[in-house]
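Structure assessment
This is what each chain is made of:
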Amino acid sequence: MNGASLKTGSPPSIIKSAQNPNLTGLKCLRCERLYSLDDPHIDSGLGCKDCLQKGFPVSLYCVYSESARLTVENNESGMHQFVSMLPYSNFPSIGEGSTGLAQIESLASAMGVASVAIKNEGQNPTGSHKDRMSPFAVARAISAGFTKVIASSSGNAGASLAAYAARAGLECCIISAPDISESWATAIKLTGAHLRLVPSHERWPLMQRLVQEENWFPVTNFHAQPIASNPFGIEGYKTVAYEIALQSRDKTPTLILIPTCRGDLLFGLYRGFVEAMQAGLIRTIPRLVAVEPGDRLKNALEGKDYRQHFTVDDNNMASIDGDTVTYQSIQALKNTEGGAICVSSEEASSAQGELSRKGYYVEMSSAASLAGLHKLKRDNKLSASDRVVLIATSHGYKQLPKDTAAVTNRTCN
């Protein structure tokens, strides 16, 4: 797929020369094939072409020179502090990053652990962690010569990409389902982005057609068996780990709970903690635990084929919904000796109320991290020495009342 010419009026600061000179290519997670940055396939959204031809959808990740190390630019703010290990040193910005890490002492006491903190990604400009991915996906689109970007999204990714595309002067299309929350739909449309509403099962086929036939740059997955979102965009999620490492100082978390769907944030956290340890910011890598609405990753970790579709009956947590998993999620959990926990909508809704009473109003899908912590407590899988971080991926103002009321009494195995 060839890129189109740059749109007249594109921001002069976001150009190919802003690419990190230490970025050497992209590598497949499974077969470790190295792809050149100039290989047109890496912008196709299809991951490793060798593995895909063999029936294994697998994502690519950015590779830097062996001498590259994370350094912190203290005179910068947000994600600009960490450009030494990000794909672009110049990217469209509207003030993302530097979100809070706040201790919740009452939760630590109730859980019988050393500490519980919440990393509040709802503090980002469009209200979710997606604001860390969008800048680098947009920067890559411009660098590769594209003038329009596209994503399939239930809400958060769409609102974020629409904002950053508008900031960069790119055309944007968001494909979503008819039941998208009005708050998300309004945020997308006000940027000037195209919002296409189709039945859920038609979203990925439509996006695939637009990418392959009309030269849109894909930011999210569109493959029937998910691969990952844009690998350059996922690099932005490493900054969540960098910030946690700096904010924790000498008390590195031992356990981090992450609401998970396709694992972009999960994989970014894993990569970020590895690089933080290489830079001497932390001594050990925290155990990562994915919190999900069904036993998807749990089954895959137990040996079931990750390429299959899993049964997920409880689908009221829109941001982490779905019946598939990705190869990157499994790798992140295995490499950190982590695991996966299933929570119900009822449990997530209860956790949402609990966090709200402590001052944190987050999306119900975000509150799944606290619901997961409660489950670990019930299953006696916490230690008194554990230092826990809950990732809150999005604030609650995006939800309409019907979204929070639609809970069930289903439980998970």
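In what follows, the accompanying structure is described.

One pass over the full model with this rule turns up 8 aromatic pairs. Arranged with centres 6.3 Å apart and planes meeting at 65°, the rings of Tyr 61 and Phe 267 form a pair that is edge-to-face. Here the residue Tyr 61 occupies a position in strand 3 (residues 60-64), and Phe 267 occupies one in helix 9 (residues 264-278), the gap between them amounting to 206 residues. Each member of the pair Tyr 61 and Phe 267 is classed as buried. Ring pairing ties together the aromatic residues Tyr 61, Phe 267 and Tyr 270, which thus form one cluster. Above the ring of Phe 56, the side-chain terminus of Arg 30 is found at 3.9 Å from the ring centroid. One residue, Arg 307, lies across the ring of Phe 56, its end atom 4.0 Å from the ring centre.

This part takes up unusual backbone geometry. Not every positive phi belongs to a glycine, and Ser 98 is a case in point at roughly 55°. Locating Ser 98 in the fold gives a position in the loop between strand 3 and strand 4 (101-103). Phi is positive for Arg 249, close to 55°, though the residue is something other than glycine. By the element assignment, Arg 249 lies in the loop between helix 8 (238-248) and strand 10 (255-259).

Let's shift gears to the sheet that holds strand 9 (residues 217-218). One open sheet accounts for 4 strands, arranged 8-7-6-9; its pairing is parallel. With partners counted over all chains shown, the strands left at the sheet margins are strand 8 (194-197) and strand 9, one partner each. Seen against the sheet, helix 6 (residues 200-214) touches strand 6 (148-152), strand 7 (171-176), strand 8 and strand 9 and runs at an angle of roughly 160° to strand 6.

Helix length check: helix 4 (residues 156-168), at 13 residues, gives a terminal C-alpha distance of 19 Å against a target of 18 Å (1.5 Å per residue), a fit within 8%. Burial runs high along helix 4: 11 of the 13 residues are buried. Listing the buried residues of helix 4 in full gives Asn 156, Ala 157, Gly 158, Ala 159, Ser 160, Leu 161, Ala 162, Ala 163, Tyr 164, Ala 165 and Ala 168. Against the buried residues of helix 4 lie helix 3 (134-143), strand 6, strand 7 and helix 5 (182-190). Downstream of helix 4 by a residue or two, Gly 169 has a phi angle that is positive, lying close to 80°.

Judged by nonpolar contacts, the single largest core of 87 residues is most densely connected at Val 149, Leu 269, Leu 288 and Ile 391. When residues no more than four places from it in sequence are discounted, the contact partners of Ile 391 are Lys 119, Val 240, Ile 244, Ile 256, Leu 257, Ile 258, Pro 259, Leu 265, Leu 269, Ser 366 and Ser 369.

With that out of the way, let us pick up helix 9. Given 3.6 residues per turn, any residue in an α-helix points the same way as the ones three and four places further on. Its 15 residues place the ends of helix 9 21 Å apart at the C-alpha level, agreeing with the 21 Å of an ideal helix rising 1.5 Å per residue. Counting buried positions over the 15 residues of helix 9 gives 12, a clear majority of the element. For helix 9, every residue scored as buried is listed here: Asp 264, Leu 265, Leu 266, Phe 267, Gly 268, Leu 269, Tyr 270, Arg 271, Gly 272, Phe 273, Glu 275 and Ala 276. Downstream of helix 9 by a residue or two, Gly 280 has a phi angle that is positive, lying close to 80°.

All right, on to the environment of Leu 382 then. Topologically, Leu 382 is positioned in the loop between helix 13 (364-378) and strand 13 (387-392). Each C-alpha atom of the pair Leu 382 and Leu 255 lies 9.3 Å from the other, and the pair is 127 residues apart in sequence. Ignoring any residue separated from it by four or fewer positions in sequence, one finds Leu 382 in contact with Met 111, Val 113, Leu 255, Leu 373, Leu 376 and Lys 377.

What follows is about the environment of Tyr 360. With respect to the helices and strands, the residue Tyr 360 is situated in the loop between helix 12 (345-356) and helix 13. Counting along the chain gives 35 residues from Tyr 360 to His 395, while the straight-line C-alpha distance between them is 8.2 Å. Those residues within four positions of Tyr 360 in sequence are excluded, and the remaining contacts are Ala 102, Ile 104, Ile 118, Asn 120, Gln 352 and Leu 355.

Side chains that differ in sign of charge can pair as their charged atoms come close. Tallied over the full model, the rule gives 15 salt bridges. With a closest N to O distance of 3.6 Å, Glu 214 and Arg 209 form a salt bridge. The class for Glu 214 is partly exposed, based on a relative accessible area of 36%. Residue class for Arg 209 comes out partly exposed when judged on its relative accessible area of 35%. Through salt bridges with shared partners, a single network forms among Lys 119, Glu 121, Arg 132 and Glu 243.

Here the second largest pocket is characterised by a volume of approximately 480 Å³. Taken together, 21 residues make up the lining of the second largest pocket; nearest its centre are Tyr 61, Arg 271, Val 274, Glu 275 and Gln 278. The set of elements that each furnish at least two residues to the lining of the second largest pocket consists of strand 1 (23-28), strand 3, helix 9 and helix 11 (327-335). Split into classes, the residues belonging to the lining of the second largest pocket amount to 11 nonpolar, 4 polar and 6 charged.

The geometry of helix 3 relative to helix 4 is characterised by a closest axis approach of 9 Å and an angle of 45° between their N-to-C directions. As judged from the angle between their axes, helix 3 and helix 4 are oblique. By crossing handedness, the relation of helix 3 to helix 4 is classed as right-handed. Facing helix 3, whose interface residues are Ser 134, Pro 135, Val 138 and Ile 142, helix 4 presents Ser 160, Leu 161, Tyr 164, Ala 165 and Ala 168. Counted by class, the contact of helix 3 with helix 4 contains 7 nonpolar, 2 polar and no charged residues.

Definitions and cut-offs
Residues numbered from 1 in each chain as written. Predicted model: local features only at pLDDT ≥ 70, side-chain atom pairs only at ≥ 80, totals over all residues. Heavy atoms only, no water. Phe/Tyr/Trp six-rings, centres within 6.5 Å; stacked < 30°, edge-to-face > 60°. Helix = DSSP H or I, 4+ residues; strand = E, 2+ residues; numbered from the N terminus. Buried < 20%, exposed > 50% of the residue type's maximum accessible area, 1.4 Å probe, protein only. Lys NZ or Arg CZ within 6 Å of the ring centre and 35° of its normal. Pairing = 2+ DSSP bridges. Contact = heavy atoms within 4.5 Å. Axes fitted to C-alpha atoms, helices over the stretch in contact; angles between N-to-C directions. Expected span 1.5 Å × (residues − 1). Core = buried A, V, L, I, M, F, W, Y, C linked by side-chain atoms within 4.5 Å. Salt bridge = Lys/Arg side-chain N within 4 Å of Asp/Glu carboxyl O. 1 Å grid on protein atoms, 1.4 Å probe; cavity = no way out; pocket = protein on both sides within 12 Å on 5 of 7 lines; lining within 4 Å. Points joined across faces, edges and corners; volume = space filled by probe spheres on them. Nonpolar A, V, L, I, M, F, W, Y, C, P; charged D, E, K, R; others polar. Parallel < 35°, antiparallel > 145°, perpendicular 65-115°, else oblique. Left-handed = near helix turned anticlockwise from the far one by under 90°.

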